[in-house]
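Structural overview for review
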Amino acid sequence: MRVLGIETSCDETAVAIVEAPAGNGPVANLPKGRILANVVYSQLTEHRRFGGVVPEIAARAHLERLDGLVTEALAEAGLGLADLDGIAATGGPGLIGGVLVGVMTAKALAFAHDKPFLAINHLEGHALSVRLTEDVAFPYLLLLASGGHCQLLTVRGPGDFTRLGTTIDDAAGECFDKTAKLLGLGFPGGPAVERAAVGGDPQRFVLPRPMWRKPGCDFSFSGLKTAVRQTIEKLPPDDPGAIADLCASFQRTVGDVLADRCANALALAPSPTLVVAGGVAANVYLRGRLETLAAAHGARLVAPPIKLCTDNGAMIAWAGVERLRLGLTDGLDFRPRPRWPLDPALDPAAAGTAVRV
């Protein structure tokens, strides 16, 4: 079974082809997959001077690059469109201009070559990506942390999620980006802060830990962002180590919050496996904190390879494989969605978007 995946939800244009053993019915014990091609065009150059993603620029870049990346991925995999079993694309959530580009391209390919079309929830791509490279059975507990999302979910299978908690304001990744911007470290902020924190003193600055030791699994990061800004305004100009110390202290604080929330989730919904996915999962320090937490609760931490934590086509193709194995496809009348919660109980409009064949 081979599925081509297209990801255009934000500022990276990505196309991948994933191969997996054919199967149907329950997918918990089917073998993991293999990436035949995974090409990404990063739009950092276009957006860096603005300090963030400009939606119109992103959409135009997707439009200019996507066809060429599809051709490149097919060549890398040594396949033609006739060799594919399905065409998958991010159908939301995301910047709607970019999502439209990816969905319309996938629909055109599916229609022209008589292939099943699969509209993938971008968050489901992250949620299932670990099963592409690791032996992880359902159900498992998931921490999904990125620039736009921070939530804890129980994952029982494709389209079968229960949200335990979410951010009530900002996402963890957005907090990293804001901190990097305030410190002049560049964009994207996550890798910049992680690099700057190396060698810094994580105990020097005491920063607030929103929601820490409170019941439930919700997150909050707006207060931490404000505290970082106030701390930066007071940094001594003649202290060369201040930035490294602040980044290390900030990173430790985020680790405290994530570990505390995950501990509550493991108590609420015990699981032998804690999965962390999304762009924030690429942070090695945070992985270490969560690995220690999981072990303390008798669980193992599993994360995708770092290169598959940020947005990529392979995770979309793999989610397509998982859904195709269950006979779930989408009609060509599917409408791209700027918002699309994973938990169907939180979004009645999502019901009926896929049909069994």
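Quick summary incoming for the structure in this document. (Residues numbered from 1 in each chain as written. Predicted model: local features only at pLDDT ≥ 70, side-chain atom pairs only at ≥ 80, totals over all residues. Heavy atoms only, no water.)

A short note on the pattern of salt bridges
A complete count under the given rule lists 16 salt bridges for this structure. For the salt bridge of Asp 256 with Arg 209, the shortest nitrogen-to-oxygen distance reads 3.3 Å. Separated by 47 residues along the polypeptide, Asp 256 in helix α9 (residues 242-268) and Arg 209 in the loop between α7 (189-197) and α8 (222-233) bring together distant segments of the chain. Among the residues examined, Asp 256 registers a relative accessible area of 11% and is labelled buried. By relative accessible area, Arg 209 is classed as partly exposed at 32%. Its salt-bridge partner being Glu 233, residue Arg 229 comes within 3.2 Å of it at the nearest N-O pair. Separated by 4 residues within a single helix, Arg 229 and Glu 233 lie in helix α8, roughly one turn from each other. With a relative accessible area of 58%, Glu 233 lands in the exposed category. Counted as one network, the salt bridges with shared partners bring together Arg 209, Arg 252, Asp 256 and Arg 289. (Salt bridge = Lys/Arg side-chain N within 4 Å of Asp/Glu carboxyl O. Helix = DSSP H or I, 4+ residues; strand = E, 2+ residues; numbered from the N terminus. Buried < 20%, exposed > 50% of the residue type's maximum accessible area, 1.4 Å probe, protein only.)

With respect to the sheet that holds strand β2 (residues 12-19)
If you walk across this open sheet you meet the 5 strands as β3-β2-β1-β4-β5, and the pairing is mixed. Pairing within the sheet leaves two strands with one partner each, and these edge strands are β3 (34-42) and β5 (117-121). Sheet twist, expressed as the mean angle between neighbouring strand axes with direction ignored, is 20°. Judged from the 6 bridges that link them, strand β1 (residues 2-7) and β2 form a sheet pairing that is antiparallel. (Pairing = 2+ DSSP bridges. Axes fitted to C-alpha atoms, helices over the stretch in contact; angles between N-to-C directions.)

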